[in-house]
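Residue strings, one per chain:
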Amino acid sequence: MSRGGGGIPSWHKAATGLHKVNSVHDFVACAQFLVNEGYVHNDRLCAVGHSAGGLLVGAAINMHPYLFCAAILKVPFLDVCNTLLDSSLPLTILDHEEFGNPQNQKEFEYIYGYSPYDNIPTGVCSPSMLITASLQDSRVGVWEAAKWVAKVREKTCPCCSHSVILKTDITGGHFGEGGRFSQCEVVAFEYAFLMKVTCMYDINE
């Protein structure tokens, strides 16, 4: 999501604020390259986004709903406009530098134009998705994932939307439960989800 992080500041800056969508275009271009070059079959391409990376993956799915077979969005930042308008949330002021301030009309219109929650296409086939949220998350509200899942199920193809799953951690925070074994369980669950939706094994065996 940082488009190069701190290694190349100018490159990072060129995908912030009123240019944030450049990061989505980068991500989509990389995904299409993997398919076009034969690194992955087009019906088995998956994406994973964590926190602000969930915004990246969510926006990419909205713009190219048939590109990905499945996606995992982990404590994702999806309801961008509403969150950035709420100055009582702990990261809002800091996030204005990265995403812009929607209290400015021009910046609001730009953010609204790519906000995952506000741009879910109607009637398309949704990729299978596992969305995780944490009730004690102080960085990204649990409601963002819940609202996204409800709206995807409402607006996309009814035959596909049953494969959009919300998994909520009652006790963990933004980074989940502590401990090596807990993290192993999380990863195992995510791998099992991807293996199932990509038909990598026969669940009847």
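All residue numbers here refer to positions counted from 1 along the written sequence of the relevant chain. Given that this is a predicted model, residues contribute local features only at a pLDDT of at least 70 and side-chain atom pairs are listed and counted only at 80 or more, while totals for whole chains, interfaces and linings are drawn from all residues. Working from all heavy atoms in the structure, the side-chain values ignore hydrogens and water.

K.L.:
I would appreciate a short explanation of the overall build of the protein in the present structure.
P.N.:
Scanning the protein from terminus to terminus reveals nine helices and four strands. Listing each helix as α and each strand as β along the protein from the N terminus yields α-α-β-α-β-α-α-α-β-α-α-β-α. Seen along its three principal axes, the alpha-carbon backbone of the protein occupies a region of about 55 × 40 × 35 Å. The buried share among the 205 residues of the protein stands at 43%. Contact between two residues is taken to exist if any of their heavy atoms lie within 4.5 Å; hydrogens are not considered. Long-range contacts, defined as pairs at least 24 residues apart, comprise 68% of the intrachain contacts of the protein with a sequence gap of at least 6. Each accessible area value is a Shrake-Rupley result obtained with a 1.4 Å probe; residue values ignore everything except the protein chains displayed when judging cover. For the protein, the exposed surface amounts to about 10900 Å²; the carbon and sulfur share of it is 58%. The distance from the centre of the 14 positive side-chain charges to the centre of the 20 negative ones in the protein is 1 Å. Where helices and strands are cited, they refer to DSSP runs of H or I of at least four residues and of E of at least two residues respectively, numbered from the N terminus. Accessible area is worked out with a 1.4 Å probe on protein chains only. A residue is then buried under 20% of its type maximum, exposed over 50%, and partly exposed in between. Charge counting follows a simple rule: Lys and Arg are positive, Asp and Glu are negative, and His as well as the terminal groups are ignored. To locate a charge, take atom NZ for lysine, CZ for arginine, CG for aspartate or CD for glutamate.

K.L.:
Just to check I follow, could you spell out the confidence of the model for the protein for this structure?
P.N.:
The pLDDT score gives, residue by residue, the confidence of the prediction method on a 0 to 100 scale. Looking at the protein, the pLDDT average stands at 89 and 92% of residues meet or exceed 70. When the elements of the protein are averaged for pLDDT, helix α8 (residues 158–161) gives the smallest value, 80, and helix α6 (residues 105–114) the largest, 97.

K.L.:
Can you help me understand the sheet that holds strand β1 (residues 46–50) in this one?
P.N.:
By definition, the strands of a sheet pair up through backbone hydrogen bonds, in either a parallel or an antiparallel sense. Pairing in this open sheet of four strands is parallel, and the strands run β1-β2-β3-β4 from one edge to the other. Looking along the sheet, the strands with just one partner apiece sit at the ends: β1 and β4 (164–169). Adjacent strand axes in the sheet meet at a mean angle of 10°, parallel and antiparallel pairs treated alike. Here strand β2 (residues 70–74) runs beside strand β3 (residues 128–134); their pairing, made up of five bridges, is parallel. When the bridges of β3 are listed, A70 appears paired with S128. For helices, the axis comes from a line fit to the C-alpha atoms of the stretch in contact; other axes are also lines fit to C-alpha atoms, and the angle between any two N-to-C directions lies between 0 and 180 degrees. Of the strands in this sheet, β1, β2 and β3 touch helix α3 (residues 52–63), which is tilted by about 145° from β1. Paired strands are those between which DSSP finds at least two bridges.

K.L.:
Even after reading the chapter, I still don't get the nonpolar core, so can you show me in this structure?
P.N.:
Among soluble globular proteins, nonpolar side chains are generally buried collectively. To define a nonpolar core, start from buried Ala, Val, Leu, Ile, Met, Phe, Trp, Tyr and Cys residues and group those joined through side-chain atoms within 4.5 Å. Counting residues in each nonpolar core, the largest one holds 24 residues, and the members touching the most others are F68, L73, M129, I131 and W148. Listing elements by their share of this core, those giving two or more residues are α2 (21–36), α3, β2, β3 and α7 (142–155). Non-local contacts of F68, meaning those with residues more than four positions away in its chain, are made with F27, A31, L45, C46, A47, A60, I61 and P127.

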